[in-house]
Amino acid sequence: MLLSSKGKHRRPSKAVRVATLAGVAGAAVAVPLMGATSASAASTSEWDQVAQCESGGNWSINTGNGFSGGLQFSPSTWAAYGGTQYASSAAGASKAQQISVAEKVLASQGKGAWPSCGVNLSGASTGNSAPAPQQDTQQSQQQQSQPQQQEQKSTEQHTDSSVASRSQSRDTVTTPTGQKVEKGDGEYKVKTGDTLSKIADAHGTSWQKVFKLNKDIVKDADLIFPGQQLHLK
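Just so we're clear, the structure is a prediction, and the values are computed from it rather than from any experiment.

**Brief notes about the overall build of the chain**
Item 1. Of the regular secondary structure elements, the chain holds 8 helices and 4 strands.
Item 2. Listing the helices and strands of the chain from first to last along the sequence gives α-α-α-α-α-α-β-β-β-α-α-β.
Item 3. For the chain, the proportion of contacts with a sequence separation of at least 24, taken over those separated by at least 6, is 56%.
Item 4. Put simply, the chain shows about 13,400 Å² of open surface, and 51% of that area lies on carbon and sulfur atoms.

What follows is the structure, given as structure tokens:
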């Protein structure tokens, strides 16, 4: 199975782009600018693993998606790193030739040139290119998590506020007999001499409704106490 999406990465370094724009004889001059050495930075078996991941191990593949060869080179990268001395595209070059070009890319850009498939490559781990895509993905995930964290914090604050409000509503008042009853948090504060019927008549409602609205603090319709705060609606 071709995994070409993992190969959309190999952007030439600044030094290579300068050499290309200057019109110097292509990759032949780009090689010394990149400082590539003749020593292999990764083994053939490691490159085989990258190719298996990138293209299913097909070194001559060219599906027309803009990337070709076993290591899925873009045309610009293939040319900038000297690939055109072998073939016009990576698909037309041999495995050894593709690896030769890949070594130069690895020396310049590091493993990030193959963000998913090059994680086990030996040699340089960083290069001159921009951060590897997985780093961008990590940063994006962190940015996405920030609104969630803020929302969670807001929810926690709201919960704390609700708890505090409930705590206040559980304040008590002391009855004439010394018993403590819940105060409540309604808009009407009971005065001496009040009854549910009297309060209801004064506010155009029924005592049954007032009792129902406040049954959490009024246990007996005939017993309300000064200082209690009743809901009327």
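And the narrative resumes.
**Observations concerning the environment of Asp 194**
Item 1. The topology assignment puts Asp 194 in the loop between strand 3 (188–189) and helix 7 (196–202).
Item 2. Placed 31 residues apart in sequence, Asp 194 and Phe 225 show a C-alpha to C-alpha distance of 8.2 Å.
Item 3. At a separation of 2.7 Å, a polar atom in the side chain of Asp 194 contacts the side chain of Tyr 188.
Item 4. Of note is the side chain of Asp 194, whose polar atom sits 2.8 Å from the backbone nitrogen of Lys 191.

**Some remarks on helix 3 (residues 44–55)**
Item 1. Compared with an ideal rise of 1.5 Å per residue, which puts 12 residues at 16 Å, helix 3 spans 16 Å between its outermost C-alpha atoms and is within 8% of the ideal.
Item 2. Of the residues making up helix 3, those classed as buried are Glu 46, Trp 47, Val 50, Ala 51, Cys 53, Glu 54 and Ser 55. The arc enclosing the buried residues of helix 3, seen along the axis, measures out at 165°, which places them on a common side.
Item 3. Contact partners of the buried residues in helix 3: helix 5 (95–109).
Item 4. Gly 56 sits one or two positions beyond helix 3 and adopts a positive phi of about 75°.

**Concerning helix 5**
Item 1. Between its first and last C-alpha, helix 5 extends 20 Å over 15 residues, near the 21 Å set by a 1.5 Å rise per residue.
Item 2. One or two steps after helix 5, the chain reaches Gly 110, where phi turns positive at roughly 80°.

**Considerations on the packing of aromatic side chains**
Geometry of an aromatic ring pair is reported as the spacing of the ring centres plus the angle between the planes.
Item 1. Within the structure shown, the criterion is met by 2 aromatic pairs.
Item 2. A centroid spacing of 5.2 Å and a plane angle of 70° characterise the contact between Trp 47 and Trp 114, whose relative ring orientation is edge-to-face. Of this pair, Trp 47 sits in helix 3 while Trp 114 sits in the loop between helix 5 and helix 6 (133–169); the two residues are 67 residues apart in sequence, bridging distant segments of the chain.
Item 3. We classify Trp 114 as buried; its relative accessible area is 0%.
Item 4. Note on Phe 73 and Trp 78: the rings are 5.2 Å apart at their centroids and 55° apart in plane angle, and the pair reads as tilted.
Item 5. In this structure Phe 73 comes out as buried when scored by relative accessible area, which is 1%.
Item 6. In this structure Trp 78 comes out as buried when scored by relative accessible area, which is 1%.

Parameters at a glance
Residues numbered from 1 in each chain as written. Predicted model: local features only at pLDDT ≥ 70, side-chain atom pairs only at ≥ 80, totals over all residues. Heavy atoms only, no water. Helix = DSSP H or I, 4+ residues; strand = E, 2+ residues; numbered from the N terminus. Contact = heavy atoms within 4.5 Å. Areas by Shrake-Rupley, 256 points an atom, 1.4 Å probe, with all protein chains shown as cover. Polar contact = N/O pair within 3.5 Å; in protein donor to acceptor, adjacent residues only side chain to side chain. Expected span 1.5 Å × (residues − 1). Buried < 20%, exposed > 50% of the residue type's maximum accessible area, 1.4 Å probe, protein only. Arc of directions from axis to C-beta. Phe/Tyr/Trp six-rings, centres within 6.5 Å; stacked < 30°, edge-to-face > 60°.

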